Amino acid sequence: MSDTSKTVKTDSAEAAKVGAGAAEGQTTVAPSDDPTAAPVTVVDPRLLVREEGFKGYLTEFKRKVKGGELGSLPVVIGLIVIWTIFQLQNDRFLSADNLSNISYFLSATGMLAIGLVFVLLLGEIDLSVGSVSGLASTLFAVFVVNQGVNAWLSLVLAVLTGIAIGALHGWFFARIGVPAFVVTLAGFLGWNGLMLWLLGDSGTINIPSEAGPVHLLGQSSFFMDQAIIGAYLLAGLAVVLTLVGNFNEQRRRKAAGVPFRPTSEILLRVGALGVASFVAAAVLNDSAGVSNALVIFLAALVIVDFVLRRTTYGRQVFAVGGGIEAARRAGINVPMIRISVFAISGGFAAVGGMFFAGQTASATLSAGGGNTLMLAIAAAVIGGTSLFGGRGSVWSALLGMLVIQSIQTGLDLLNMNTSIQYMITGAVLLGAVVIDSVSRRSQKAAGRA
């Protein structure tokens with residue numbers, strides 16, 4: 001064996017502890033420059049929590065911060081600061097009615113942000129989501145009002161149209177080689193023009209209340225007839241599913257002989273989630289309950305999060321975003337991943353269009369227009385999804401929209417001009433991108449990029 005080769009030895013006593021689940025991940029390493037030196041024990045940093053208790057949590061937190069792994073910490077701190085400032089300026093900001101409005105109106109743009117998370121994970125951009133959402137709501141209105149098509153069938157057709165449009169954008173990008181920025185910018189203009197043509201001279205198509213899907217997404221529609229039962233039922237369901245999922249993961253990791261979260265940590269995490277969930281349910285019940293729009297949005301987050309973190313397809317999306325050539329050599333069909341990601345973005349844009357139609361009970365010229373696109377992109381980025389690809393979470397759509405909607409609602413309460421809203425939102429977006437850039441630089445310096 002060469003003097004420069006690395007020698008990795010596993011201590012038999014420690015190996016026995018690994019089998020017992022007491023010290024997983026410990027190995028002994030002899031430095032390459034001196035093979036005769038005494039071996040040094042290397043401990044997986046994730047095990048510090050188990051071995052050192054609270055000190056382990058603190059050590060691991062410091063390690064992540066130094067390595068640029070900030071996660072959702074900046075946006076959570078920012079949200080606390082925003083809520084504190086607005087509450088001090090107007091004591092109605094944290095009232096049940098205002099928080100209920102925030103939770104309702106964030107869902108439409110949040111749906112667009114979910115689809116954009118997929119695109120951003122590839123390090124690309126989709127500028128067409130606003131126009132696609134407006135076109136989808138217009139198609140739904142045309143089918144139902146002008147053509148007399150069944151409302152639920154019209155909904156399916158509108159969403160399928162959004163998926164097809166996204167796949168078309170992805171095909172031009174993945175197969176022809178047109179930059180995503182250019183092809184989606186063309187889509188932004190073209191689909192907006194088609195929407196205007198379909199709406200005609202009136203520019204508005206009112207959707208009747210009998211149109212079930214849209215009526216269910218209105219601000220006056222809530223989960224279950226008795227809102228109080230529905231809110232607490234959802235909170236309890238979230239706690240139970242999280243508890244079962246964590247224990248199932250713990251069991252699988254134990255069986256595989258790899259580090260796992262201790263039961264005390266799982267109970268602490270689930271307990272914190274339970275407190276937050278039931279407090280949120282109580283606050284919303286003080287107003288009118290949980291809106292159907294919020295329930296569907298949260299359900300979409302849970303499903304998409306599972307797809308991204310727990311399925312082969314989700315891992316392939318992250319792999320392509322992390323490095324195209326490496327993903328290709330690993331046998332991943334890169335063009336198909338790209339096409340599917342843009343199709344998902346188009347589908348969620350169409351669903352978001354249904355949410356916008358539910359808010360106004362109509363399809364209008366302003367549907368998906370204005371600053372909708374910018375807010376959707378800002379939500380994903382502010383929430384923590386990297387513009388450089390390969391890093392992010394679908395929950396960033398929720399966190400980012402909480403920040404944006406809180407700013408908009410707070411400034412409305414203070415009777416601030418829309419121009420102020422744009423400037424503050426732009427500053428927050430710039431801050432999020434700066435944090436992302438600094439975080440990536442820190443990760444490279446720590447050898448974790």
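See the structure printed just above.
Here goes a summary of the coordinates provided. (Residues numbered from 1 in each chain as written. Predicted model: local features only at pLDDT ≥ 70, side-chain atom pairs only at ≥ 80, totals over all residues. Heavy atoms only, no water.)

1. Side note on the packing of helix 6 (residues 129-146) against helix 15 (residues 334-360)
In a pair of packed helices, the angle between the axes and the distance between the axes together describe the arrangement.
Okay, so step 1: Two elements in contact, helix 6 and helix 15, have axes whose closest approach is 7 Å; the angle formed by their N-to-C orientations is 55°. Taken as axis vectors, helix 6 and helix 15 run oblique relative to one another. Helix 6 and helix 15 meet at a crossing whose hand is right-handed. From helix 6, V129, V132, S133, A136, S137 and F140 reach across to helix 15, where they touch S345, G346, A349, A350, G352, G353, M354, F356 and A357.
Okay, so step 2: Class assignment for the residues of the contact of helix 6 with helix 15 results in nine nonpolar, six polar and no charged. (Axes fitted to C-alpha atoms, helices over the stretch in contact; angles between N-to-C directions. Helix = DSSP H or I, 4+ residues; strand = E, 2+ residues; numbered from the N terminus. Parallel < 35°, antiparallel > 145°, perpendicular 65-115°, else oblique. Left-handed = near helix turned anticlockwise from the far one by under 90°. Contact = heavy atoms within 4.5 Å. Nonpolar A, V, L, I, M, F, W, Y, C, P; charged D, E, K, R; others polar.)

2. Brief notes about a nonpolar patch on the surface
Okay, so step 1: Taken together, the side chains of L153, V156, L157, L160 and I163 define a hydrophobic patch exposed on the protein surface, amounting to about 400 Å² of accessible area.
Okay, so step 2: You can see L153 is positioned in helix 7 (residues 151-176).
Okay, so step 3: Its relative accessible area of 44% is what places L153 among the partly exposed residues. (Patch = residues over 30% accessible without salt bridge, like charges linked within 9 Å, V, L, I, M, F, W, Y side chains within 5 Å. Areas by Shrake-Rupley, 256 points an atom, 1.4 Å probe, with all protein chains shown as cover. Salt bridge = Lys/Arg side-chain N within 4 Å of Asp/Glu carboxyl O. Buried < 20%, exposed > 50% of the residue type's maximum accessible area, 1.4 Å probe, protein only.)

3. Considering the environment of A397
Okay, so step 1: Summarising the element assignment, A397 is placed in helix 17 (residues 396-413).
Okay, so step 2: Exposure remark for A397: the relative accessible area of 0% places this residue in the buried category.
Okay, so step 3: Sequence separation between A397 and T385 is 12 residues, and the spatial gap between their C-alpha atoms is 8.6 Å.
Okay, so step 4: If we skip the residues at most four places from it in the chain, A397 touches G110, A113, I114, F297, L301 and A379.

4. Let's talk about the packing of aromatic side chains
Okay, so step 1: As enumerated under the stated definition, the model contains five aromatic pairs in all.
Okay, so step 2: On the numbers, 5.2 Å between centres and 75° between planes, the contact of W171 with F172 is edge-to-face.
Okay, so step 3: Owing to a relative accessible area of 32%, F172 belongs among the partly exposed residues under this scheme. (Phe/Tyr/Trp six-rings, centres within 6.5 Å; stacked < 30°, edge-to-face > 60°.)

5. Comments concerning the packing of helix 7 against helix 8 (residues 180-199)
Okay, so step 1: For the pair helix 7 and helix 8, interaxial distance at closest approach is 9 Å and the crossing angle is 145°. As for how helix 7 packs across helix 8, the hand of that crossing is right-handed. For the pair formed by helix 7 and helix 8, the contact residues are I165, L168, H169, F172 and F173 on the first element and A180, V183, T184, G187 and W191 on the second.

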